Amino acid sequence: MTVKTSRGALWRSFRRNQFKTEMVNLELSQILTGHKGIVWNVSWHPQGNVIASCGEDKTIKLWSKEGVQWTIKTVLVDGHQRTIREVAWSPCGNFLASASFDATTAIWDKKSGQFECNATLEGHENEVKSVAWSPSGQLLATCGRDKSVWVWEVAGDDEYECEAVLNAHNQDVKKVAWHPSLDVLASASYDNTVKMYKEDSADNDWTCVATLQSHDSTVWSLAFDNTGERLATCSDDKTVKIWKEYKSDNQEGVIVNDKESVWKCVCTLSGYHTRSVYDIAWCHKTGLIATACGDDIIRIFKESEDSDLNAPTFDLMCTKLNAHTQDVNCVKWNPLGNQELLSCSDDGEIRLWKCSE
Amino acid sequence: MISFFSKLSLNKQNSPLEHAKPAYMDKSATLQELGYKDENDLKETIYDFLRTIRDPEKPSTLEDLKVIYEEGIFVNEPTADKVPVIRVEYNPTVPHCSLATLIGLCIRIKIQRSIHHPVKLDIYIKKGAHTTEDEINKQINDKERIAAAMENPNLRNLVENCIAEEE
């Protein structure tokens with residue numbers, strides 16, 4: 001049993017791409033301006049009606065819709081001393097976490113009526129690069145240049161306890177992301193690998209349960225599909241890879257040994273991106289994959305209808321040239337599944353797009 | 001014929017919200033429209049930005065020390081959006097030079113601050129010129145590491161001193 005893409009599948013995918021390009025249209029709805037300098041990250045509120053953004057100017061801006069236009073409603077300042085690299089809404093939508101190059105992660109809420117920072121997570125030695133809430137909202141993960149991944153437990157009002165410090169990577173950790181329904185964590189690193197972690201129910205110890213090795217350079221970001229059984233990763237090696245989980249009872253004959261499951265790379269999308277791919281977003285409603293690239297372009301991929309689970313094929317459906325005037329740093333699908341896509345860039349802008357098939 | 005089709009496709013682009021941008025931000029601009037005679041002119045412009053960078057340790061410029069040299073600057077194929085892609089190779093004075101990373105950082109920041117239009121930069125140590133070149137190359141082309149380095153007050157001071165223009 002092989003899980004590599006066969007020559008036939010490659011050829012089919014090539015032929016399809018010859019005739020089926022640009023089947024998805026990405027139309028600009030609004031340019032959101034207000035940040036000074038690089039905008040590193042944007043985050044949709046779980047209800048899809050508030051946007052948080054952050055960047056080089058050390059501020060967090062909260063946007064919501066006034067009529068048809070998104071406008072800045074709140075600016076959070078003084079939370080961080082350096083660049084804010086990532087913002088993340090908790091699943092309940094009441095908390096916002098921000099990760100900064102100043103080595104701290106701040107937790108904001110508006111229990112007092114307006115947004116305030118009521119907890120600061122300290123522990124990383126230097127830049128925190130990413131922060132993510134678990135699906136239950138009970139756990140928080142952070143990672144950074146100190147090569148570590150931290151798992152924090154929400155212990156009570158404004159109380160966060162460190163559950164684990166995971167030192168599985170041997171370089172800078174760029175991104176953390178949780179499985180959509182389980183307490184399984186994935187991290188992407190400058191060491192070219194992705195690692196997965198979970199808590200051992202026997203001794204409550206968090207351990208690395210899988211290492212995903214196939215990229216040739218820094219893995220910048222990663223996104224699970226809606227089942228959590230597949231993962232998409234993007235890299236400085238200019239490729240996107242799709243990984244599939246094979247559990248111990250898999251029918252394909254993939255040897256799992258004494259583990260619960262193994263992850264295999266089942267598809268590599270190469271030849272599309274011309275520079276580093278900085279972010280990837282897999283829409284849990286439509287299945288569309290969007291990528292943010294250092295060539296200033298946003299691309300949309302869709303799994304083909306005759307795709308084989310063990311060697312899936314994805315078609316490039318849209319190449320949005322000039323999506324930004326500089327590197328695109330982040331792409332995020334609206335969680336409502338309404339095909340709205342947010343992007344942000346080194347050019348200081350956030351752009352809202354409407355995707356239509 | 002070709003130009004007719006390219007005009008046609010430009011007109012089809014439908015983005016009413018796009019702000020008017022100064023001409024140099026128009027990414028379909030060719031090198032000529034950006035103000036360069038040709039690729040060589042762009043190369044010379046980049047070299048002019050870099051030649052005056054001072055060595056972090058010695059009282060000389062990178063040009064004097066032959067760390068920077070004109071043949072080390074390449075104008076590569078532009079991106080699909082017509083953004084010029086420039087590769088700069090530099091040659092550290094000794095293969096274990098501890099300041100090679102700092103020099104790479106100075107090269108990037110000096111070009112970014114001096115150039116008046118979007119550009120993509122790839123900065124590399126001349127092949128075989130450093131014992132840990134792969135490691136350094138990866139670091140000086142990682143935009144996140146660069147951004148963080150420039151927020152470190154000590155590193156930033158070092159860079160500013162090296163790239164400051166002589167009075």
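Procedures and definitions
Residues numbered from 1 in each chain as written. Chains lettered and ligands numbered in written order. Predicted model: local features only at pLDDT ≥ 70, side-chain atom pairs only at ≥ 80, totals over all residues. Heavy atoms only, no water. Helix = DSSP H or I, 4+ residues; strand = E, 2+ residues; numbered from the N terminus. Rg over C-alpha atoms; globule rule 2.2 N^0.38 Å. Buried < 20%, exposed > 50% of the residue type's maximum accessible area, 1.4 Å probe, protein only. Contact = heavy atoms within 4.5 Å. Areas by Shrake-Rupley, 256 points an atom, 1.4 Å probe, with all protein chains shown as cover. Lys, Arg positive; Asp, Glu negative; His and termini not counted. Charge placed at Lys NZ, Arg CZ, Asp CG, Glu CD. Arc of directions from axis to C-beta. Buried area = accessible area lost by both parts, 1.4 Å probe. Salt bridge = Lys/Arg side-chain N within 4 Å of Asp/Glu carboxyl O. Polar contact = N/O pair within 3.5 Å; in protein donor to acceptor, adjacent residues only side chain to side chain. Nonpolar A, V, L, I, M, F, W, Y, C, P; charged D, E, K, R; others polar. Axes fitted to C-alpha atoms, helices over the stretch in contact; angles between N-to-C directions. Left-handed = near helix turned anticlockwise from the far one by under 90°. Phe/Tyr/Trp six-rings, centres within 6.5 Å; stacked < 30°, edge-to-face > 60°. Lys NZ or Arg CZ within 6 Å of the ring centre and 35° of its normal. Pairing = 2+ DSSP bridges. Disulfide = S-S within 2.5 Å.

Draft legend 1. A look at the overall build of chain A. Within chain A, the secondary structure is distributed over 1 helix and 28 strands. Since a compact globule built from 357 residues should have a radius of gyration of about 21 Å, the 20 Å found for chain A is in line with a globular shape. Projected onto the principal axes, the alpha-carbon positions of chain A cover approximately 60 × 50 × 30 Å. Split into buried and exposed, the 357 residues of chain A put 59% on the buried side. Within chain A, contacts between residues separated by at least 24 positions form 50% of all contacts whose residues are at least 6 apart in sequence. With an accessible surface of roughly 14,300 Å², chain A has 43% of that area assigned to carbon and sulfur atoms. The positive charge centre, built from 37 side chains, and the negative charge centre, built from 51, are 7 Å apart in chain A.

Draft legend 2. Just helix α4 (residues 133-140) of chain B, in detail. All names here are of chain B. For α4, every residue scored as buried is listed here: Glu133, Ile136, Asn137 and Ile140. Buried residues of α4, viewed axially, fall in a sector of 100°; they line one side. Seen from the buried face of α4, the exposed residues on the opposite side, beyond 90 degrees, are Asp134 and Glu135. In this fold, the buried residues of α4 make contact with β2 (85-90), α3 (100-114), β3 (120-125) and α5 (143-149).

Draft legend 3. Looking closely at the interface of chain A and chain B. Contacts between chain A and chain B engage 37 residues on the former and 28 residues on the latter. A per-residue breakdown of the area chain A buries against chain B is headed by A:Tyr190, A:Arg275 and A:Thr325, which together make up 24% of the total. The interface formed by chain A and chain B contains 10 salt bridges. Across the pair B:Lys120 and A:Asp327 runs a salt bridge whose closest N-O atoms are separated by 2.5 Å. Seen at the junction of chain A and chain B, the total is 18 residue pairs in polar contact (both at pLDDT 80 or more). Looking at the side of chain A that touches chain B element by element, the count peaks at 5 residues for strand β1 (residues 25-32) of chain A. Here the side of chain A that touches chain B is composed, by residue class, of 9 nonpolar, 12 polar and 16 charged.

Draft legend 4. Molecular detail of the packing of α3(B) against α4(B). Residue and element names in this part refer to chain B. At a minimum axis separation of 10 Å, α3 and α4 run at an interaxial angle of 35°. Considering only the axes of α3 and α4, their crossing is right-handed. Within the contact between the two elements, α3 uses Ala100, Thr101, Gly104, Leu105 and Arg108 and α4 uses Ile136, Gln139 and Ile140. Class assignment for the residues of the contact of α3 with α4 results in 4 nonpolar, 3 polar and 1 charged.

Draft legend 5. Main features of the packing of aromatic side chains. Taken as a whole and judged by the stated rule, the model has 10 aromatic pairs over all chains. With a centroid separation of 5.9 Å and an interplanar angle of 80°, the aromatic rings of A:Trp178 and A:Trp206 are classed as edge-to-face. With a gap of 28 residues between them, A:Trp178 in strand β14 (residues 173-178) and A:Trp206 in strand β17 (residues 206-213) connect regions that are remote in the sequence. Residue A:Trp206 is classed as buried on the basis of its relative accessible area of 7%. In this arrangement the basic side chain of A:Lys244 is found over the ring face of A:Tyr246, its NZ or CZ atom lying 4.8 Å from the centre. Stacked on the ring of A:Tyr278, the Lys or Arg B:Lys143 has its end atom at 4.5 Å from the ring centre.

Draft legend 6. View of the sheet that holds β14(A). Residue and element names in this part refer to chain A. In space, the 4 strands of this open sheet follow the order β14-β15-β16-β17, with antiparallel pairing throughout. The sheet is open, and its two edges are formed by β14 and β17, each paired on a single side. Taken over all neighbouring pairs, the strand axes of this sheet differ in orientation by 25° on average, direction set aside. Here β14 pairs with strand β15 (residues 185-189) via 5 bridges, running antiparallel.

Draft legend 7. Structural context of the state of the cysteines. Residues and elements named next belong to chain A. Across all of its chains, the model carries 0 disulfides over all chains by this definition. For the unlinked cysteine Cys117, the closest cysteine sulfur is that of Cys54, found at 14 Å. Exposure remark for Cys117: the relative accessible area of 31% places this residue in the partly exposed category. No disulfide involves Cys162; its nearest neighbouring cysteine sulfur is the one of Cys143, lying 14 Å away. Residue classification places Cys162 among the partly exposed positions, given a relative accessible area of 40%.

Draft legend 8. Representation of the environment of B:Thr131 within the structure. Residues and elements named next belong to chain B. Tracing the backbone shows Thr131 in the loop between β3 and α4. Judged by its relative accessible area of 61%, Thr131 falls in the exposed class. The spacing of Thr131 and Glu89 is 42 residues in sequence and 15 Å in space, taken between C-alpha atoms. The contact partners of Thr131, leaving out residues within four places of it in the chain, are Pro95 and His96.

Draft legend 9. Layout of helix α6 (residues 153-163) of chain B. Residue and element names in this part refer to chain B. Of all the positions in α6, only Val159, Cys162 and Ile163 are classed as buried. The buried residues of α6 occupy an angular sector of 85° when the element is viewed end-on, so they sit on one face. Residues of α6 that are exposed and angled more than 90 degrees away from the buried face: Asn154 and Asn161. Its buried side turned inward, α6 meets α3. One side-chain oxygen of the residue at the start of α6 lies 3.0 Å from the amide nitrogen of Asn154, identifying that residue as Asn152.

Draft legend 10. Representation of the pattern of salt bridges. According to the stated counting rule, one finds 29 salt bridges over all chains in the structure shown. Across the pair A:Arg85 and B:Glu144 runs a salt bridge, and its minimum N-O distance is 2.4 Å. Taken as a pair, A:Arg85 in strand β6 (residues 84-89) and B:Glu144 in helix α5 lie in two separate chains rather than in one. In this structure, A:Lys129 engages B:Glu144 in a salt bridge whose closest nitrogen and oxygen atoms are separated by 3.2 Å. Of this pair, A:Lys129 sits in strand β10 (residues 128-133) while B:Glu144 sits in helix α5, on two different chains. For the pair shown, A:Lys129 and B:Glu144 are each scored as buried. Taken together, the salt bridges that share partners define one network made up of A:Arg85, A:Lys129, A:Asp172, A:Lys174, B:Asp142, B:Glu144 and B:Arg145.

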